Amino acid sequence: MDKLIISGGKPLQGTVAISGMKNAALPILFACALNKEPCILHNVPAVKDIETTVGILSEMGVTIRYLSPTSLEINGKDFKPCTSPNTLVRRIRASSYLMGVELGLSGQTRIAFPGGCDFDGGRPLDLHMKGFEAMGAEMRTYHDGYTGEAPDGLFGAKIYLNKASVGATVNLMLAATLTPGHTVISNAAREPHIVSLARFLNECGANILNAGTSEIQIEGVASLHGCTYRIPPDMIEAGTYMAIAAATGGPITLTGVYPEHLQATIDKLCEMGAHITANNALETVTVSAGDQLTAIELETQPYPGFPTDMQPQFAALMAVAKGTSIIRENIINGRFAYLEQLKRTGVKTIGEAKDTACIEGVERLTAANMTATDLRGGAAMVMVALMAEGISEIRNVHLIDRGYDDIEGKLSALGADIIRRSEDAPSAPAGSSPLMTSSLPTP
């Protein structure tokens, strides 16, 4: 495995191109298994979760050909339900989407427990299971995963989600696309990746209405046809680089973004004192730090509220903001595990609860060795390392690679002093720059 070595305290500026949205590409890749004709996807991010998904689908009979590092041709005509490789399924949360695909195609499903970021309390799939049951499936949990069977086939149903779950909304959309009858998903998630999935499926011949609202209508169709589709830009990667700009000076201009997807992040950065210019026509956002970041209160909410996947990055900003900031986490239990690692750099918290953290700003942070606990927590560690004085090392970089394409390359282009090394490589000499340690072995 790899580690990142970062010499912090350097102002960053320049331009960064934002990759395609991981959380949009993943369900669309799985949706291709519903289709017996080839589909071409452009702007697919080159991140580990995509690589894992390609591996899962390939082992299940889907033919996938890379036309470029970010363009894929996918043909699902030979997809074999209930043959998923357990080892790969356990690596990512999105592998749960196999249930909707398999039930929709064959009326049966069997998968291992999905993986992904490991938060205290887990991330149960109860809403997914109840939705499938409303459509006629008999769902069970066994010692190593989930099984389901619809003896008489799935049928359209009215489904109410107790929480606006992105994963459950995706899974039920996938299951309902080829299911006879009319399906209604009430209290559906409204995130841009839900809209993107619906647009892709509709391009393939599905009949899905009102995606992006709290009630999605789906009329089942007999089959799908091929299409060419472009994955939208990643609003979490964009938000992360916006936060980095606010933390390290800027100006940094993000290209290939949809500013309307970033409004909650923009609002909170402005509240903290950052300067932001968004251009919808040019699909750009420019961010620079103000004279002094100030403390804020932050509460995560389903879209269009503030995204839980930006919560750790804002904790890193709050660490150097004047005053005491408060974060209330309403989406994922146990998301504050990363704070123990941030504290190594001098991040100061004042009491922590399961769903609340108070962070008191300090004048400066100091370098430290940290271990990424999850994808977005790892991004927060990169942020504090960029701000801290001295050389920091961040391990478990494979977790960060799950959602960020070439993070060290993009940061280097902005002026960061950052390199990637094998975790077995010797540490950089104290006081030296990572970029001056070229004699270290490469991975």
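Whatever comes next refers back to the structure up there.
Residues numbered from 1 in each chain as written. Predicted model: local features only at pLDDT ≥ 70, side-chain atom pairs only at ≥ 80, totals over all residues. Heavy atoms only, no water.

S.K.: Would you mind showing me how to read the packing of helix 8 (residues 235–248) against helix 12 (residues 375–387) here?
M.R.: Axes are the key here: two packed helices are described by the angle between their axes and the distance separating the axes. With their axes 10 Å apart at the nearest point, helix 8 and helix 12 run at an angle of 20° to one another. As far as their axial angle goes, helix 12 and helix 8 are roughly parallel. The handedness of the crossing between helix 8 and helix 12 comes out as right-handed. On helix 12, the residues touching Ile236, Thr240, Ala243, Ile244, Ala247 and Thr248 of helix 8 are Arg376, Ala379, Met383, Leu386 and Met387. Taken together, the residues that form the contact of helix 8 with helix 12 break down as eight nonpolar, two polar and one charged. (Axes fitted to C-alpha atoms, helices over the stretch in contact; angles between N-to-C directions. Helix = DSSP H or I, 4+ residues; strand = E, 2+ residues; numbered from the N terminus. Parallel < 35°, antiparallel > 145°, perpendicular 65-115°, else oblique. Left-handed = near helix turned anticlockwise from the far one by under 90°. Contact = heavy atoms within 4.5 Å. Nonpolar A, V, L, I, M, F, W, Y, C, P; charged D, E, K, R; others polar.)

S.K.: What exactly am I supposed to notice about the nonpolar core here?
M.R.: Soluble globular proteins tend to bury their nonpolar side chains together. Core analysis: the biggest nonpolar cluster contains 75 residues, and Leu41, Met173, Phe200 and Leu201 have the highest contact counts within it. Contact partners of Leu201, with chain neighbours within four places excluded, come to Ala31, Leu34, Thr177, Ala206, Ile208 and Leu224. Ranked by size, the runner-up nonpolar core spans 73 residues in total, among them Cys117, Ile296, Phe336 and Ala385. (Core = buried A, V, L, I, M, F, W, Y, C linked by side-chain atoms within 4.5 Å. Buried < 20%, exposed > 50% of the residue type's maximum accessible area, 1.4 Å probe, protein only.)

S.K.: What's the story with the sheet that holds strand 12 (residues 215–219) in this structure? I'm lost.
M.R.: One key point about sheets: their strands pair by backbone hydrogen bonds, in either a parallel or an antiparallel sense. Within the open sheet, the four strands sit side by side as 9-10-12-11. Their pairing is mixed. Edge positions in the sheet fall to strand 9 (158–160) and strand 11 (207–209), since each of these pairs with one other strand and no more. Strand-to-strand twist of the sheet, defined as the mean angle between neighbouring strand axes without regard to direction, takes the value 15°. Alignment of strand 10 (residues 182–186) against strand 12, held across five bridges, turns out to be antiparallel. Each bridged residue has a counterpart across the sheet, and for Ile185 the counterpart in strand 12 is Ile216. (Pairing = 2+ DSSP bridges.)

S.K.: What exactly am I supposed to notice about the pattern of salt bridges here?
M.R.: When charged atoms on two side chains of opposite charge get close, those side chains can pair. With the rule as written, the count across this model stands at 21 salt bridges. Among the salt bridges present, the one from Glu389 reaches Arg364, with a minimum N-O distance of 3.6 Å. On the criterion of sequence distance, the pair formed by Glu389 in the loop between helix 12 and strand 22 (391–395) and Arg364 in the loop between strand 20 (356–360) and strand 21 (369–371) is long-range, its members being 25 residues apart. One continuous salt-bridge network, built from bridges that share partners, spans Asp2, Asp401, Glu408 and Arg420. (Salt bridge = Lys/Arg side-chain N within 4 Å of Asp/Glu carboxyl O.)

S.K.: Would you mind going over the sheet that holds strand 16 (residues 284–288) with me for this structure?
M.R.: Pairing is mixed across the open sheet formed by four strands, whose spatial order is 2-14-16-15. The strands lining the two open edges of the sheet, one partner per strand, are strand 2 (12–17) and strand 15 (275–279). Adjacent strand axes in the sheet meet at a mean angle of 10° when their direction is disregarded. In this sheet, strand 16 lies alongside strand 15 in antiparallel orientation, the contact comprising five bridges. Paired with Ala278 across the two strands is Val285, which belongs to strand 16.

S.K.: Just checking my understanding: could you explain the environment of Glu352 for this structure?
M.R.: Here Glu352 lies in strand 19 (residues 348–352). With a relative accessible area of 37%, Glu352 lands in the partly exposed category. Taking the C-alpha atoms as reference, Glu352 lies 15 Å from Leu298; in sequence the two are 54 residues apart. For Glu352, the residues in contact, after removing those within four places along its chain, are Leu339, Glu340 and Lys343.

S.K.: Looking at this model, I keep getting lost on unusual backbone geometry. Mind explaining?
M.R.: Comment: phi is negative for the bulk of residues other than glycine, and the bulk of peptide bonds are trans. A cis amide bond, omega 5°, links Gly250 with the succeeding residue Pro251. In this fold, Pro251 is placed in strand 14 (residues 249–255). Although it is not a glycine, Asn43 sits at a positive phi angle of roughly 65°. By secondary structure assignment, the location of Asn43 is in the loop between strand 3 (38–42) and helix 2 (48–59). For Asn187, which is not glycine, the phi torsion reads 60° and is therefore positive. Relative to the helices and strands, Asn187 is located in the loop between strand 10 and helix 7 (192–203).

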